[in-house]
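Summary of the model geometry
If you want the building blocks of each chain, they are given just below.
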Amino acid sequence: VQLQASGGGWVQAGGSLSLSCAVSGRTFRGLTVTWFRQAPGQEREFVAAMWRGTSNTYYSSSVKGRFTISRDSSKNTVYLQMNSLKPDDTAVYYCAADSRLILSSLGVPSSYDYWGQGTLVTVSS
C-alpha cells in the first residue's frame, strides 16, 4: 500500500486548506485512513480518521467542528478539509492507513502499517 499526501502550504489564521491522501496498492474500502500531525519538538498526534468500510468519522477535540475528513472512493482518496485554522495547527500532516486496526488503537501511531510522506501546514498569526 502506498499513500501520497499533498495539499499543505501557508495560510493566515482563520483561513482554510484542504489536504489529500491518495491511496494505492490495495482495496481502498478495507482500510481505515487517519490523519496525524506532528509539530516541531512534539509527538505525533491524532487528528481525524475514517473507519474502514463505513462512513464513521472520528476527530480529536482540538479540531472537531473545524476539520472534516471525507473520502472519494472513485479516486481512492481521503481528504482533510481544514477551516478556521489557528497557529497551533502548524505541523507536518501525515496520512496513515491500516486494515486491521482496532478502535482503541485509533490514535496510536505505532498501530498503523502504512504511512504517507507528510505535508507541511503553516498557519501564521
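Residues numbered from 1 in each chain as written. Predicted model: local features only at pLDDT ≥ 70, side-chain atom pairs only at ≥ 80, totals over all residues. Heavy atoms only, no water.

**Looking at the overall build of the chain**
A tally of regular secondary structure across the chain gives 0 helices and 11 strands. Relative to the 2.2 N^0.38 estimate, which gives 14 Å for 125 residues, the radius of gyration of the chain is 13 Å and therefore close to what a compact globule would have. With respect to the three principal axes, the spread of C-alpha positions in the chain is 40 × 30 × 25 Å. Counting contacts in the chain only where the partners sit at least 6 residues apart, residues at least 24 apart contribute 56% of the total. Accessible area for the chain stands at about 6,100 Å²; split by element, carbon and sulfur atoms hold 47% of it. Of the charged side chains in the chain, 11 are positive and 7 negative; the average position of the first set lies 8 Å away from that of the second. (Helix = DSSP H or I, 4+ residues; strand = E, 2+ residues; numbered from the N terminus. Rg over C-alpha atoms; globule rule 2.2 N^0.38 Å. Contact = heavy atoms within 4.5 Å. Areas by Shrake-Rupley, 256 points an atom, 1.4 Å probe, with all protein chains shown as cover. Lys, Arg positive; Asp, Glu negative; His and termini not counted. Charge placed at Lys NZ, Arg CZ, Asp CG, Glu CD.)

**Considering the sheet that holds strand β7 (residues 67–72)**
Spatially, the 4 strands line up as an open sheet ordered β1-β3-β8-β7, and their pairing is antiparallel. Looking at strand neighbours, the two that pair on one side only are β1 (2–6) and β7, the edges of this open sheet. This sheet shows a mean twist of 15 degrees between the axes of neighbouring strands, independent of strand direction. When strand β3 (residues 17–24) meets strand β8 (residues 77–82), the two strands line up antiparallel, connected through 6 bridges. Residue pairing for β8: leucine 19 is matched across the bridge by leucine 80. (Pairing = 2+ DSSP bridges. Axes fitted to C-alpha atoms, helices over the stretch in contact; angles between N-to-C directions.)

**Focus: the pattern of salt bridges**
Counting across every chain of the model gives 4 salt bridges. A salt bridge links glutamate 45 to arginine 37, with the shortest nitrogen-to-oxygen separation between them at 2.6 Å. With a relative accessible area of 35%, glutamate 45 lands in the partly exposed category. Classification of arginine 37 as buried rests on a relative accessible area of 5%. The closest approach of N and O atoms between aspartate 89 and arginine 37, which form a salt bridge, is 2.9 Å. (Salt bridge = Lys/Arg side-chain N within 4 Å of Asp/Glu carboxyl O. Buried < 20%, exposed > 50% of the residue type's maximum accessible area, 1.4 Å probe, protein only.)

**Considerations on the nonpolar core**
Residues Cys21, Trp35, Val47, Phe67, Leu80, Met82 and Tyr93 are the most contacted members of the largest nonpolar core, which totals 28 residues. For this core, the secondary-structure elements that each account for two or more residues are β1, β3, β4 (32–38), β5 (45–50), β7, β8, β9 (91–98) and β11 (119–124). Setting aside chain neighbours within four positions, we find methionine 82 in contact with Gly15, Ser16, Leu17, Leu19, Arg66, Phe67, Tyr93 and Val121. Phe36, Phe46, Leu106 and Tyr112 belong to the second largest nonpolar core, which has 8 residues in total. (Core = buried A, V, L, I, M, F, W, Y, C linked by side-chain atoms within 4.5 Å.)

**Brief notes about the packing of aromatic side chains**
Applying the stated criterion across every chain, the model contains 6 aromatic pairs. Note on phenylalanine 36 and phenylalanine 46: the rings are 6.2 Å apart at their centroids and 80 degrees apart in plane angle, and the pair reads as edge-to-face. Here phenylalanine 36, found in strand β4, pairs with phenylalanine 46, found in strand β5; they are 10 residues apart in sequence, far enough to count as distant. A relative accessible area of 0% means that phenylalanine 36 is categorised as buried. Residues tyrosine 94 and tryptophan 115 carry aromatic rings whose centres are separated by 6.3 Å and whose planes lie at 80 degrees to one another, so their mutual orientation is edge-to-face. (Phe/Tyr/Trp six-rings, centres within 6.5 Å; stacked < 30°, edge-to-face > 60°.)

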